[in-house]
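# Breakdown of the fold
Each chain is listed here by its residues.
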Amino acid sequence: MQHDEVIWQVIRHKHCSFMSKISTGIFCRNPYNVTGICNRSSCPLANSRYATIRDHDGVFYLYMKTIERAHKPNDLWERVKLPKNYEKTLEVIDKHLMYWPKLLVHKIKQRLTKMTQMRIRMRKLALKTREKIMTTPRKEKKRETRREEKAEKAAVLDKAIEKELLARLENGIYDGIYNLPFNKFIETLDTDELKAEDENEEESEVEYVEANFELEEEDDIEDLGMKDYHISNDNAVDDDDDEEVNAVKEKRVRRWSKSAHEKSEKDEPGTKLKKKSRIHVEVDHEDGGERQKATF
Amino acid sequence: MGGKRKNSESEGMEGDNDGKNSNKKMKKEKTEILPSSIKNKEKRSAVHAKLKHQKKLDKRKKLKARAAAEKRALELGEEPPPKQIPRTIENTREADATVCMPDDEELFAGNDADEFSSILKHDRTPKILITTCRFNSTRGPAFISELLSVIPNAHYYKRGTYDLKKIVEYANNKEFTSIIVVHTNRREPDGLLIIGLPDGPTAHFKLSSLVLRKDIKNHGNPTSHKPELVLNNFTTRLGHRIGRLIQSLFPQDPNFQGRRVVTFHNQRDFIFFRHHRYIFETKESKQSDSKGKKAKDAKDESIAKEKVVAHLQECGPRFTLKLVNLQHGTFDTKGGEYEWVHKPEMDTSRRRFFL
């Protein structure tokens, strides 16, 4: 016998396995419940005349039960497949639940709306690609970091790269780009630097005795009458590429002349300094000349 | 104890005169007993210490003998005994059937037919699209800006919320040749996805130990020249394929005067990325100092003796890659066909490598 009131009293006040009391209210877990709330009108067990909508893999069914079938639990629910279209579904519901209580019909339609929206959302989400969250096994991670460290040490990266680059250099990949003969390049640089230094020296040392020097040289020429050498000397100052022999001769002559004149012109301290520096410069020139000869 | 009795019995059979001798033999046997089988702890540790000491002495003796032999050989002008080669993980690597030999025609034929051949044969110029995962912050953008300076003709596009498949489609339309996706986790780049276009493979790498330029001591700043590429140790078929994938990211006509070199060095399946500037120099020696005073004919000799060395200055990021999987075709997690996937059971031996 079906006694809805008795069932409801038992369910509500004694025990119901579908009821779940949480802080926000009392809810029902029964899948046939239309609203999901535990109350008299929406309890699927305590209502002998009841209808609901259920979802079977995206297809909605209208479930109805009546008191006539209450004694046959096997055929308790009458099931109607609902069309995919929302409006048509509403029509079907209206047709099947024509003389049912208006409140229940309204609840069912509300549920239908909610479920349709949910279905749309689910399909959208299914189409979207989502990032998969992976586990990070601590053991493997640690092992890999350990092995990586060791592999890096074993690789000796700088050495390996240098070796590879040198191999390429030898294979001539860099030919004509910067594969200069380094020695020659450096030597030319050296000589250039030396030249530059020489010039600097001359300039800096010439500064404070220039007048005396010129005078002295004139004296030289006048006294000894070696105009030829003087000319060659000038040349040597101008051109670094002058011949060695010439320079050496010159030096000798000049030294001799110097010694001769030192005694007579002792009262000028600048000249001595000047002369010495002068000789020094010339020696440097010789060196430079030699180097250049060696290089070319 | 049974052995002892037996021994003594056999000795007894021969004659009682040998009794003392047998005792000596017993002592010798005792030293050979494993210390772990002795139950008295004091005794056990004593025996163990003695054994260890003995081993140490033996080792030292061996070393000395070897050194002496070498010295003697040197004095006599003979060839010294061959030096022992230490066993490393590299030279005891498990044999791999796919390790390529230089005369592997099949490989070269395969290379000609693969997806990268059009780029590597200068038919197409590489054009790279760099993007990120959906959430990208802190070190991610910094890393990308450095990647942009390393890889010429690379363009950064914001990821937005686009699907990777859509991005692949877009890049195909814009005639990009590769896509690089930098994946960030917890504000730290931890993955790199390289997709060859239009139908090239997709390689997923784990990225680790990233050091950015500003954190490298004495780093240099790269020029805008096209860098040259060094790919070291890519030996197997898979390794060659990965190497070619990486090669296809960079222009095939490097500007050698830029003296920039980008290195992908494979060691034990870890691919180490480095970016350097280099310069060649002759090694300084005494000969170069006395160069000026030497005669002309001595010069040639000194040139021959001098050694050219390459000096490196690191610039740009430094990181390590490890291949997680290689997928045939462009990115497709659901229906994709994988050429190679790293599985946990591959890690069971530390001497088995795949690249």
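Keep in mind that what you see is a predicted model, and the values were worked out from it rather than measured.

## What about the overall build of chain A?
- In terms of regular secondary structure, chain A is built from 10 helices and 5 strands.
- When each of the 296 residues of chain A is scored for burial, the buried share is 31%.
- For chain A, the share of sequence-separated contacts (at least 6 apart) that also reach a separation of at least 24 residues comes to 48%.
- Of the accessible surface of chain A, which amounts to about 20400 Å², a share of 54% is contributed by carbon and sulfur atoms.

## Details of the overall build of chain B
- Across its full length, chain B holds 10 helices and 11 strands.
- For chain B, with 355 residues in total, the buried portion stands at 39%.
- Summarising the internal contacts of chain B: among those between residues at least 6 apart in sequence, 68% fall at separations of at least 24.
- Accessible surface, chain B as shown: approximately 22100 Å² in total, 52% of it carbon and sulfur.

## Observations regarding the pattern of salt bridges
- What the rule picks out here adds up to 21 salt bridges over all chains.
- Arg168 of chain A is the partner of Glu228 of chain B in a salt bridge, and the nearest nitrogen-oxygen pair spans 3.0 Å. Pair noted here: Glu228 of chain B is in strand E6 (residues 228–232) and Arg168 of chain A is in helix H5 (residues 157–171), and the two residues belong to different chains.
- Under the relative-accessibility criterion, Glu228 of chain B is labelled buried at 2%.
- On the accessibility criterion, Arg168 of chain A (14% relative accessible area) is buried.

## Describing helix H3 (residues 102–127) of chain A
- Relative to the 38 Å expected for 26 residues at 1.5 Å per residue, H3 of chain A spans 38 Å between its end C-alpha atoms, a close match to the ideal helical length.
- Residues Leu104, Val105, Ile108, Leu112, Met115, Thr116 and Arg119 of chain A constitute the buried set of H3 of chain A.

## Observations regarding the environment of Val34 of chain A
Residues and elements named next belong to chain A.
- Inspection of the secondary structure assignment puts Val34 in the loop between strand E2 (25–28) and strand E3 (50–56).
- The class of Val34 is buried, set by a relative accessible area of 5%.
- Aside from chain neighbours lying at most four places away, what touches Val34 is Tyr50, Ala51, Thr52, Lys107, Ile108 and Arg111.

## Quick word on the pairing of strand E4 (residues 188–196) of chain B
Residue and element names in this part refer to chain B.
- Along E4, 7 of the 9 residues are buried, which leaves the element largely enclosed by surrounding structure.
- The sheet contact formed by strand E3 (residues 178–185) and E4 spans 8 bridges and is antiparallel. Bridge pairing links Asn185 to Glu188 in E4.
- The turn joining E3 and E4, which pair antiparallel and follow one another in sequence, is formed by 2 residues; a positive phi near 55 degrees is taken by Arg186.
- Alignment of E4 against strand E5 (residues 202–211), held across 5 bridges, turns out to be antiparallel. The partner of Gly191 across the bridge, within E5, is Lys206.
- Hairpin connection from E4 to E5: 5 residues lie between these consecutive antiparallel strands.

## Describing the side chain of Gln267 of chain B
- In this structure, Gln267 of chain B sits in strand E7 (residues 260–267).
- With near-sequence residues (within four places) excluded, Gln267 of chain B lies in contact with Ala151, Ala154 and Ala155 of chain A together with Glu90, Asn233 and Phe272 of chain B.

## Observations concerning the packing of helix H2 (residues 86–96) of chain A against H3 of chain A
All names here are of chain A.
- Where H2 meets H3, the axes come as close as 11 Å, and the angle between the chain directions of the two elements is 155 degrees. As summarised for this structure, H2 and H3 are arranged roughly antiparallel, according to the angle between their axes. As H2 runs across H3, the sense of the crossing is right-handed. Only Val105, Ile108, Lys109, Leu112, Thr113 and Thr116 of H3 make contact with H2, whose side of the interface consists of Tyr86, Thr89, Leu90, Ile93 and Asp94.

## Brief notes about the nonpolar core
- Residues Phe143, Ile180, Phe205, Ile242 and Phe264 of chain B are the most contacted members of the largest nonpolar core, which totals 39 residues.
- Once you skip the residues sitting within four places of it in the chain, Ile180 of chain B turns out to touch Ile128, Leu129, Ile130, Thr131, Leu147, Ile151, Leu192, Leu193, Ile194 and Leu249 of chain B.
- The next biggest cluster of nonpolar side chains, apart from the first, holds 18 residues, and it includes Val34, Ala51, Phe60 and Val105 of chain A.

## Structural notes on the packing of aromatic side chains
All names here are of chain B.
- Evaluated as defined, the whole model comprises 11 aromatic pairs over all chains.
- Note on Trp340 and Phe354: the rings are 5.6 Å apart at their centroids and 55 degrees apart in plane angle, and the pair reads as tilted. With Trp340 in strand E11 (residues 337–341) and Phe354 in the segment after E11, this residue pair connects regions lying 14 residues apart in the sequence.
- Three or more aromatic residues joined by ring pairs make a cluster, and in this case those are Phe143, Phe250, Phe264, Phe273 and Phe319.
- The ring of Phe176 has Lys127 lying over it, and the distance from NZ or CZ to the ring centre is 4.5 Å.
- Here Lys322 stacks its cationic end above the ring of Phe270, 5.6 Å away from the centre of that ring.

## Observations regarding the confidence of the model for chain B
All names here are of chain B.
- Confidence in the prediction for chain B averages 83 pLDDT; 85% of positions are at 70 or higher.
- Counted against residues more than four places away or in other chains, residues 1–20, with its pLDDT under 50, gives 6 contacts.
- Note on residues 287–303: pLDDT is under 50 here. Beyond four places in sequence and across chains, it has 16 contacts.
- For this predicted complex, the interface score ipTM comes out at 0.76, alongside a pTM of 0.64.

## Looking at the sheet that holds strand E5 (residues 77–81) of chain A
Residues and elements named next belong to chain A.
- Sheet architecture is open: 3 strands sit in the order E3-E4-E5, paired in antiparallel fashion. The open sheet terminates on both sides in strands that have one partner only, identified here as E3 and E5. In this sheet, neighbouring strand axes are inclined to one another by 25 degrees on average, regardless of whether the strands run parallel or antiparallel.
- Sheet topology places strand E4 (residues 59–65) next to E5; 5 bridges connect them, and they run antiparallel. Paired with Leu62 across the strands is Val80, a residue of E5.
- Running at roughly 10 degrees to E3, H3 makes contact with E3 and E4 of the sheet.

## Some details on the pairing of strand E1 (residues 19–22) of chain A
Residue and element names in this part refer to chain A.
- In this sheet, E2 lies alongside E1 in antiparallel orientation, the contact comprising 4 bridges. Within E2, the residue paired with Met19 across the bridge is Cys28.
- Here E1 hands over to E2 after 2 residues, the two strands then running antiparallel side by side.

Rules and cut-offs
- Residues numbered from 1 in each chain as written.
- Chains lettered and ligands numbered in written order.
- Predicted model: local features only at pLDDT ≥ 70, side-chain atom pairs only at ≥ 80, totals over all residues.
- Heavy atoms only, no water.
- Helix = DSSP H or I, 4+ residues; strand = E, 2+ residues; numbered from the N terminus.
- Buried < 20%, exposed > 50% of the residue type's maximum accessible area, 1.4 Å probe, protein only.
- Contact = heavy atoms within 4.5 Å.
- Areas by Shrake-Rupley, 256 points an atom, 1.4 Å probe, with all protein chains shown as cover.
- Salt bridge = Lys/Arg side-chain N within 4 Å of Asp/Glu carboxyl O.
- Expected span 1.5 Å × (residues − 1).
- Pairing = 2+ DSSP bridges.
- Axes fitted to C-alpha atoms, helices over the stretch in contact; angles between N-to-C directions.
- Parallel < 35°, antiparallel > 145°, perpendicular 65-115°, else oblique.
- Left-handed = near helix turned anticlockwise from the far one by under 90°.
- Core = buried A, V, L, I, M, F, W, Y, C linked by side-chain atoms within 4.5 Å.
- Phe/Tyr/Trp six-rings, centres within 6.5 Å; stacked < 30°, edge-to-face > 60°.
- Lys NZ or Arg CZ within 6 Å of the ring centre and 35° of its normal.
- pLDDT = per-residue confidence, 0-100.

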